[in-house]
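In case you want the letters, here they are:
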Amino acid sequence: MQALKILVVDDDPVTRSLLSKKLLKADYEVETAENGVQAVRMISSHFFDVVLTDLKMPGGVDGIGVLESAKENNLKTEVVLITAHGSIDNAITAMKKGAVDYLEKPINFDELFLRLEKIQNLKHLLKNANDLREAMEVTEQTSGETIQNLEMTVAELESRLEKVRGILSRQDLTAEQRIIKAIEC
Amino acid sequence: MVLNATANNPSGLGSPSLKQPLPIGSIRKNQQIKPDEVQLLSKYIYAISGIHIEATKAYLLETRLGRLVETLGCSSYGEFYHRVKSDSSKLLEKKVIDAITTNETLFFRDANPFELLRYKIIPEVIDSRASEALNKPIRIWSAACSTGQEVFSIAIVLKELLGPSKNYNIQLLGTDLSDAAIKQASYGAYNKFEIERGLPKNQLQRYFVSAGGTWKIKDDIRSMATFRKFNLMHPFAAIGKFDIIFCRNVAIYFTLDDRKKLFSKIADALEPNGFLIIGSTESLTGVCPRFIPKRHLKSIFYQLR
């Protein structure tokens, strides 16, 4: 399975570098942004599997702004919010706007890795489901073409048969003429 | 304050049927359905929905009804059957229908029919209307509309083709057997898994509004369609005549005999020069001789002889 590509967004350099180091050590692919504005710019040009963002950030774009931009850009990007202790209301607002999860400060790294594992599993399941669906679509398309060709062929043969039947029942022609005309159909 | 608390303490649920705490991530072993129960339930499902479940596909009953059987706390499928049958409110019957019907649907599922609609059918229907009474509505019916994706895909095609002008009187009807499906279709909201596939991003942004993790079809598209519950096994008398009928991937669940009856009723419900579109892997050969298949590019549609 390919490692998740994670964008860490936090205006606090200490948290940012700690998160980045821990995630890199755990074999995730990591990039960082110093604030919401930079994050939004990065999200719009590169795909990230997960965006791990602080909720409160200066500079006009906070965690919710990052969440909205990520979701607008690609629905497959999952966003985990990092919130201050005791700010569950904010977290719930974020979840309602499509965040997959939230973490409280101070960050418990075991908890963070558990969340990421869950996201990875979910993405894996979704990929499986999508692969299956695509395989089904290919099968459906090819069998559809076959069935439709057969349908047209049968309809054409039926109409020819109808004509032959009409000719063979004509009384104004001799038996020989009927056969000749029928063969022409 | 952990959101994903793996609380798995059934004692708190007060359900006597859950005797053992479940190991996390495991699925409770389903009750096995017995052959006589298969017969009983298949017959019942056929009666309420027309859906024919062969004895060899008994597993479908388990996978689709298993959850309902367990949430009702029934100890067997036989008991479940009697519970459902004796429920005079018909609430359980609705739940059975919701569970047994397949809601596999996508926006623009299989692009061909929608191309066909855009470049061939709608222009032709409009042309033929020009010579008739103009105010006679163009009627379109999605006969098994599930959660509405097909109907809204049609509506989007109409909108893009005809613009906002009110010059055309179009009636777009979606019907389905499942109350839950009709409810969702009427509400017109979809989660990210339903929206992610089939719908290009520009159309998503143009025709939907994002509302808390779901996407809701915009009012101008929603208002083009009407939804209602309808059982295709029942007479069509009250439903009127249509210029275009979509009946895709539903007859496959019926017996050949019922398919014949269904398409004969559809033939009656179609205007003389109307169009019928069925699923890409479906065929009317040996089902309804009143229709002839016609090809347009990569698609096939049917018209009355």
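Above this text sits the structure in question.
Note that this is a predicted model, so its numbers are computed, not measured.

S.K.: If you had to explain the interface of chain A and chain B to someone new, which residues and values would you point to?
M.R.: Across the boundary between the two partners, chain A contributes 17 residues, which contact 14 residues of chain B. Looking at the side of chain A that touches chain B, the elements that each hand over two or more residues are α4 (88–96), β5 (101–104) and α5 (109–168) of chain A. Of the residues forming the side of chain A that touches chain B, the biggest block, nine residues, is contributed by α5(A). Partitioning the side of chain A that touches chain B into residue classes produces seven nonpolar, four polar and six charged.

S.K.: Report on the sheet that holds β5(A), specifying residues and quantitative values.
M.R.: All names here are of chain A. Strand order in the open sheet made by the five strands is β2-β1-β3-β4-β5, with parallel pairing throughout. Since the sheet does not close on itself, it has two edges, and those belong to β2 (29–33) and β5, each with one partner. Taken pair by pair, the neighbouring strands of this sheet meet at an average axis angle of 20°, ignoring direction. Summarising the sheet, strand β1 (residues 5–9) and β2 pair through five bridges and their orientation is parallel. Considered in β2, the bridge of isoleucine 6 is made with valine 30. Sitting on the sheet, α4 is in contact with β4 (78–83) and β5, with an inclination near 170° to β4. Of the strands in this sheet, β3 (50–54), β4 and β5 are in contact with α5, which crosses β5 at around 170°.

S.K.: Please provide a residue-by-residue account of the sheet that holds strand β3 (residues 189–190) of chain B, values included.
M.R.: Residue and element names in this part refer to chain B. Spatial ordering of the open sheet is given by β3-β5-β4, a layout of three strands whose pairing is antiparallel. Each having just a single partner strand, β3 and β4 (208–211) make up the two edges of the open sheet. Both β4 and strand β5 (residues 214–217) contribute to a ladder of four bridges, which runs antiparallel. Each bridged residue has a counterpart across the sheet, and for alanine 211 the counterpart in β5 is threonine 214.

Reading guide: rules and limits
- Residues numbered from 1 in each chain as written.
- Chains lettered and ligands numbered in written order.
- Predicted model: local features only at pLDDT ≥ 70, side-chain atom pairs only at ≥ 80, totals over all residues.
- Contact = placed C-beta atoms within 7 Å.
- Helix = DSSP H or I, 4+ residues; strand = E, 2+ residues; numbered from the N terminus.
- Nonpolar A, V, L, I, M, F, W, Y, C, P; charged D, E, K, R; others polar.
- Pairing = 2+ DSSP bridges.
- Axes fitted to C-alpha atoms, helices over the stretch in contact; angles between N-to-C directions.

Keep in mind that these numbers describe shape and distance, not what the molecule does.
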